[in-house]
Amino acid sequence: MKKVLSLVLLALFIGLPNKFYAQLITDGAGVGVTVNGKSSFKYLSSENPYFGNEFKYTTYDYWLPIPSFKIGRTRILGTVNYRILDFTFDTEIVVSPNYITKIQEIKPTIVVRRPFGKRWATFGILIPTVASDFKNSFSMNDMVFDGIFGVSKKFGGKSNLEIGIGPHVMYAFGKFLITPAISVDYKSNDGKWFAQLYWPRVNAFRKLGNSTQVGVAGSIDWTLHNLQNYKNNEGAEIDYAQFSAIHGGLQISQRLFDSFWLQLQGGVGFANSYTLFSSKNDTISKYKAKEMPYVKMMLTYRFGK
């Protein structure tokens, strides 16, 4: 069985580099599930359909690598992620933009990297995303164009610290958003400590032997999705919605065999909110949710580290 799995993965990943750099995801393929505990929205009037109605949601993730190739010194590679956010409420609500049921998201992450000099490189990370409840036919309004562009430099005698900077650019629903972005990839000289920081995630862990890693993890998670042709409870036209949360907790990774890893993570999700926007990008409604515990399990195929 191990040989069959290894041959299948070899066929899938042929051409991928055996070393990943800053900005690049080391878990090149895998499946994951995140179970969030119950919560409820805060500061609601008794007339609001969410009032006293607790909810929970589960996130399912599946991702595969994009075969790598080079054009001269420029390398292109990445992953394709499919995510389902599945919400369950204690009391059903008539379907409306205020009632979240299931959001699906398809997100390729394409990395273009070109080194120059001994320690420098230019890079671009392209993240075109489709996110929708798919209750209506697909349109360009379901697309979010996201990307990070910049330069990175390696530091240290063993080039074990790489820092990248550049602008983070997003275009969605007729609006550009430009914010600064930074990435940090660190490995201690003795090879026991690792840290990765890249928008919007952070990981820091220590190796306990060759098969176990323990540490902390955090992320800012958000999903923008199209809600055109809907109205909210007050009759205002809705253009799109965003569900967002910040997750942070402890994690442990255990090698099962070869490059297959089982990762477990547990912590708290906070700053949870569901926001409805108009076509002019004005906030129509914003529901803030209470903190909720979560557990996450992933089975991944890992490159590099």
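What counts, and at which threshold
Residues numbered from 1 in each chain as written. Predicted model: local features only at pLDDT ≥ 70, side-chain atom pairs only at ≥ 80, totals over all residues. Heavy atoms only, no water. Helix = DSSP H or I, 4+ residues; strand = E, 2+ residues; numbered from the N terminus. Contact = heavy atoms within 4.5 Å. Areas by Shrake-Rupley, 256 points an atom, 1.4 Å probe, with all protein chains shown as cover. Core = buried A, V, L, I, M, F, W, Y, C linked by side-chain atoms within 4.5 Å. Buried < 20%, exposed > 50% of the residue type's maximum accessible area, 1.4 Å probe, protein only. Phe/Tyr/Trp six-rings, centres within 6.5 Å; stacked < 30°, edge-to-face > 60°. Pairing = 2+ DSSP bridges. Salt bridge = Lys/Arg side-chain N within 4 Å of Asp/Glu carboxyl O. Polar contact = N/O pair within 3.5 Å; in protein donor to acceptor, adjacent residues only side chain to side chain. pLDDT = per-residue confidence, 0-100.

S.K.: Quick question: what am I supposed to make of the overall build of the chain here?
M.R.: Looking only at helices and strands, one finds one helix and 15 strands in the chain. When contacts within the chain are restricted to residue pairs at least 6 apart in sequence, those whose partners lie at least 24 apart make up 58%. Carbon together with sulfur atoms contributes 62% to the accessible area of the chain, which is approximately 15,700 Å² in total.

S.K.: Would you explain the nonpolar core in this entry?
M.R.: In a soluble, globular protein the nonpolar side chains are often hidden away together inside. With 21 residues, the main nonpolar core has Phe-41, Tyr-50, Phe-55, Phe-87 and Tyr-274 as its most contacted residues. Looking at this core, the elements that each hand over two or more residues are strand E2 (55-71), strand E3 (74-89), strand E12 (237-257), strand E13 (260-277) and strand E14 (283-289). The leading source of residues in this core is E12, at four residues.

S.K.: What should I look at first to understand the packing of aromatic side chains in this one?
M.R.: Two numbers describe a pair of aromatic rings. These are the distance of the centres and the angle of the planes. Under the counting rule described, the total for this entry stands at 14 aromatic pairs. Joined through ring pairs, the aromatic side chains of Phe-41, Phe-55, Tyr-57, Phe-87, Phe-89, Phe-243 and Tyr-287 make up one cluster.

S.K.: How do you make sense of the environment of Ile-100 when you look at a structure like this?
M.R.: The topology assignment puts Ile-100 in the loop between E3 and strand E4 (102-116). Contacts of Ile-100, omitting those with residues within four sequence positions, involve Tyr-50, Phe-87, Phe-89, Phe-243 and Tyr-274.

S.K.: Is there a simple way to think about the pairing of strand E6 (residues 143-155) in this case?
M.R.: Looking along a regular strand, one sees side chains alternate from face to face of the sheet. Where strand E5 (residues 120-132) lies against E6, eleven bridges are found, and the strand directions are antiparallel. The partner of Ile-127 across the bridge, within E6, is Asp-146. In textbook terms, the turn of a hairpin is the stretch between consecutive antiparallel strands, and for E6 and strand E7 (residues 161-172) this stretch comprises five residues, one of which, Gly-156, has a positive phi near 90°.

S.K.: When you look at unusual backbone geometry in this model, what are you seeing that I'm missing?
M.R.: Negative phi is the rule for most residues except glycine; trans is the rule for most peptide bonds. Positive phi values are uncommon outside glycine, yet Ser-159 reaches one of about 50°. Considering the arrangement of structural elements, one finds Ser-159 in the loop between E6 and E7. If you check the backbone angles, Ala-271 has positive phi at about 55° while not being a glycine. Its location among the elements puts Ala-271 in strand E13.

S.K.: So what exactly am I meant to see when it comes to the pattern of salt bridges here?
M.R.: Side chains that differ in sign of charge can pair as their charged atoms come close. Per the counting criterion, the structure on display carries five salt bridges. Residue Arg-83 is joined to Asp-61 by a salt bridge in which the shortest nitrogen-to-oxygen separation is 2.8 Å. One end of the pair, Arg-83, is in strand E3; the other, Asp-61, is in strand E2, and 22 residues separate them in sequence. The class for Asp-61 is buried, based on a relative accessible area of 4%.

S.K.: In this structure, what is going on with the side chain of His-168? I would like to understand it.
M.R.: Structurally, His-168 is set in strand E7. The class of His-168 is buried, set by a relative accessible area of 4%. Side-chain polar atoms of His-168 contact the side chain of Asp-146, separated by 2.6 Å. When neighbours within four sequence positions are excluded, His-168 is seen to be in contact with Asp-146, Gly-147, Ile-148, Leu-177, Ile-178, Thr-179, Ala-181 and Trp-199.

S.K.: Looking at this structure, I do not really get the pairing of E4. What am I missing?
M.R.: As paired strands, E3 and E4 are joined by twelve bridges and run antiparallel to one another. The partner of Thr-79 across the bridge, within E4, is Thr-109. Pairing geometry for E4 and E5, over ten bridges, is antiparallel. Each bridged residue has a counterpart across the sheet, and for Ile-106 the counterpart in E5 is Val-130.

S.K.: How do you make sense of the environment of Ile-165 when you look at a structure like this?
M.R.: Locating Ile-165 in the fold gives a position in strand E7. According to the relative accessible area criterion, Ile-165 is partly exposed, its value standing at 49%. For the pair Ile-165 and Phe-123, spaced 42 residues apart in the sequence, the C-alpha separation amounts to 9.7 Å. Once residues within four sequence positions are removed from consideration, Ile-165 is found in contact with Phe-123, Phe-149, Gly-150, Val-151, Ala-181 and Ile-182.

S.K.: So what exactly am I meant to see when it comes to the confidence of the model for the chain here?
M.R.: With 86% of its residues at a pLDDT of at least 70, the chain reaches an overall mean of 82. Across the chain, the secondary-structure element scoring lowest on mean pLDDT is helix H1 (residues 2-13), at 37, and the one scoring highest is strand E15 (residues 292-302), at 92. For residues 1-25, every residue scores under 50 in pLDDT, and the model assigns this stretch 49 contacts once sequence neighbours within four places are set aside.

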